[in-house]
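# Residue-level structure breakdown
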Amino acid sequence: MYYDQLQKVEDRYKELGELMSDPEVIADTNRFMKLSKEEADLRETVEVYQRYKKVENDISEDEEMLSENLDEEMTELAKEELAGLKQEKEELEDRIKILLLPKDPNDDKNIIMEIRGAAGGDEAALFAGDLFDMYQHYAESQGWKVEVMDATVTGIGGYKEVIMMITGDRVYSKLKYESGAHRVQRVPETESQGRVHTSTATVVVMPEAEEVELDIEDKDIRTDIYHASGAGGQHVNKTASAVRLTHIPTGIVVAMQDERSQIKNREKAMKVLRARIYDMYQQEAQNEYDANKKSAIGTGERSERIRTYNFPQNRVTDHRINLTIQQLDKILNGELDEIIDTLVLYDQTSKLEELQNG
């Protein structure tokens, strides 16, 4: 067991409790919030460690009792309790190992998600719309807020592209594994022969990047203002409100025309631009890491086919972890917990093995 490490975590947790009751710290809102977050991050580890110490102590007491001359009934009770405590101790050890794994610094962040219809024309765009609805329903179930930042709707009601921001508690930690190519197999409404078609849509999940984390200089951004296209009546002709930002060093371009206000479009475009630049740097670091040690499921290859949604068989398969669920309807309704929990567990277990194997 990692006693020294756990004891340091517990000592720091106690120190944080004392600091947060200091009037000077309470008066400094930023510092107080930072310490509160650190305390919240350590709380589960400390609670599990304290329970572990209590279980170890109870085991010692039961073993001591069994070494004495007890009557038969008391001996049986002590043995039964001891067996339960030893099993709990093993379970707590497993939890502690997971809790001590290096944390992903982005796990607490909000995300920007981009969904695009890929191979398959109109059918791919319709499927992109299905994925958009799926993530919206899942976000609702988690108590998160979804804001559509930009969307390009096709004539038959699908999405060529939709960009949304999802804010709430630990959004990235749950949705970071969704990046990749999602494949659908179904009979399109336009198919008269009843043949199953295969189409794809891509999903990109990026952690929101704060200004303090990513310093983008004004001189590195070229801004173009132009008239919004599409519906909007007179407004389209009168106001140049659409904004295109180009980050010159990386060549990343973001265009936004969803709002009627140029200022709001620029704000949204900057959020997406910052996320894309931050994500690009993250990808470079991930690729460098993967070159040395192949990450189990990672958040890497954006072109990688990660999941198939098969309508005729009401089946969803996640190819990275060989998980198949015969409840496609429920999955598309946002009931993603089983898939996401399995992905999280698989990733944690892989990292644990990697750590143990050095």
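Owing to the predicted nature of the structure, the values given are computational and were not obtained by experimental measurement.

Basis of the calculations
- Residues numbered from 1 in each chain as written.
- Predicted model: local features only at pLDDT ≥ 70, side-chain atom pairs only at ≥ 80, totals over all residues.
- Heavy atoms only, no water.
- Helix = DSSP H or I, 4+ residues; strand = E, 2+ residues; numbered from the N terminus.
- Buried < 20%, exposed > 50% of the residue type's maximum accessible area, 1.4 Å probe, protein only.
- Contact = heavy atoms within 4.5 Å.
- Pairing = 2+ DSSP bridges.
- Axes fitted to C-alpha atoms, helices over the stretch in contact; angles between N-to-C directions.
- UniProt positions renumbered as here; feature names shortened; annotations may be inferred.
- Core = buried A, V, L, I, M, F, W, Y, C linked by side-chain atoms within 4.5 Å.
- Parallel < 35°, antiparallel > 145°, perpendicular 65-115°, else oblique.
- Left-handed = near helix turned anticlockwise from the far one by under 90°.
- Nonpolar A, V, L, I, M, F, W, Y, C, P; charged D, E, K, R; others polar.
- pLDDT = per-residue confidence, 0-100.
- Phe/Tyr/Trp six-rings, centres within 6.5 Å; stacked < 30°, edge-to-face > 60°.
- Salt bridge = Lys/Arg side-chain N within 4 Å of Asp/Glu carboxyl O.
- Expected span 1.5 Å × (residues − 1).
- Polar contact = N/O pair within 3.5 Å; in protein donor to acceptor, adjacent residues only side chain to side chain.

## Quick look at the environment of M65
Inspection of the secondary structure assignment puts M65 in helix α3 (residues 29–66). Since its relative accessible area comes to 28%, M65 is described here as partly exposed. Apart from residues no more than four positions distant in its own chain, M65 is found in contact with L70, M74 and A78.

## Thoughts on the sheet that holds strand β5 (residues 197–207)
Taken together, the 8 strands give an open sheet; going across it, the order is β2-β3-β1-β5-β4-β9-β10-β11, and neighbouring strands pair in mixed fashion. Looking at the sheet topology across the chains shown, the edges are occupied by β2 (145–153) and β11 (323–325). Pairs of neighbouring strands in the sheet enclose a mean axial angle of 15°, with direction left out of account. Sheet topology places strand β9 (residues 305–310) next to strand β10 (residues 315–318); 4 bridges connect them, and they run antiparallel. Within β10, the residue paired with R307 across the bridge is D318.

## A word on the UniProt feature "coiled-coil region" (unreviewed entry) in the chain
As annotated in UniProt, the feature "coiled-coil region" (unreviewed entry) corresponds to residues 60–95 in the numbering used here. Segment residues 60–95 splits into 86% helix and 0% strand. End C-alpha atoms: 21 Å apart.

## So, the nonpolar core
Judged by nonpolar contacts, the single largest core of 36 residues is most densely connected at M113, I115, L131, Y135, L175 and Y309. Elements supplying a minimum of two residues to this core: β1 (111–117), α5 (121–142), β3 (159–167), α6 (171–175), β5, β11, α9 (328–332) and α10 (337–356). For this core, the element with the highest residue contribution is α5, accounting for 8 residues. Ignoring anything within four residues of it in the chain, the contact list for I115 reads A128, L131, F132, Y135, K160, E161, V162, M164, T202 and V203. Of all hydrophobic cores here, the second largest spans 19 residues; its members include V243, I252, L273 and I277.

## Structural notes on the packing of α3 against helix α4 (residues 72–99)
Between α3 and α4, the shortest axis-to-axis distance is 9 Å and the interhelical angle comes to 155°. Comparing the axis directions of α3 and α4 gives the class roughly antiparallel. Viewed along their axes, α3 and α4 form a crossing whose handedness is left-handed. Looking at the contact of α3 with α4, its residues break down into 14 nonpolar, 2 polar and 13 charged.

## Looking at the confidence of the model for the chain
Averaged over all residues, the pLDDT of the chain is 82; the fraction at 70 or higher stands at 86%. Averaged pLDDT values for the elements of the chain fall to 43 in helix α7 (residues 234–238) and rise to 94 in β10. Counted against residues more than four places away or in other chains, residues 231–237, with its pLDDT under 50, gives 8 contacts.

## Regarding the packing of aromatic side chains
Enumeration according to the criterion identifies 3 aromatic pairs in this entry. For the pair F127 and Y309, a centre-to-centre distance of 5.3 Å together with 65° between the ring planes defines the contact as edge-to-face. Here F127 is found in helix α5, whereas its partner Y309 is found in strand β9, with 182 residues between them in sequence. Each of the two residues, F127 as well as Y309, counts as buried. Ring geometry for F132 and Y159: centres 5.2 Å apart, planes at 70°, overall edge-to-face. Residue F132 is found in helix α5, and its partner Y159 is found in strand β3; the two are separated by 27 residues along the sequence. Each member of the pair, F132 together with Y159, is buried.

## Concerning the pattern of salt bridges
Applying the stated criterion across every chain yields a total of 23 salt bridges. Two residues, E44 and R95, come together in a salt bridge whose shortest N-O distance is 2.9 Å. You can see E44 sitting in helix α3 and its partner R95 sitting in helix α4, a full 51 residues away along the chain. A relative accessible area of 40% means that R95 is categorised as partly exposed. R186 is paired through a salt bridge with D130; the nearest N and O atoms lie 2.8 Å apart.

## Notes on helix α1 (residues 3–19)
Under the 1.5 Å per step criterion, the end-to-end length of α1 is 24 Å for 17 residues, consistent within 8% with the ideal 24 Å. All of the buried residues in α1 are L6, V9, E10, Y13, L16 and L19. On its buried face, α1 sits against α2 (23–27), α3 and α4.

## Here's the deal with α4
Under the 1.5 Å per step criterion, the end-to-end length of α4 is 40 Å for 28 residues, consistent within 8% with the ideal 40 Å. Listed as buried for α4 are T75, A78, L82, L85, L92, I96 and L99. Sitting at the amino-terminal end of α4 is D71, which places a side-chain oxygen 3.1 Å from the backbone nitrogen of E73.

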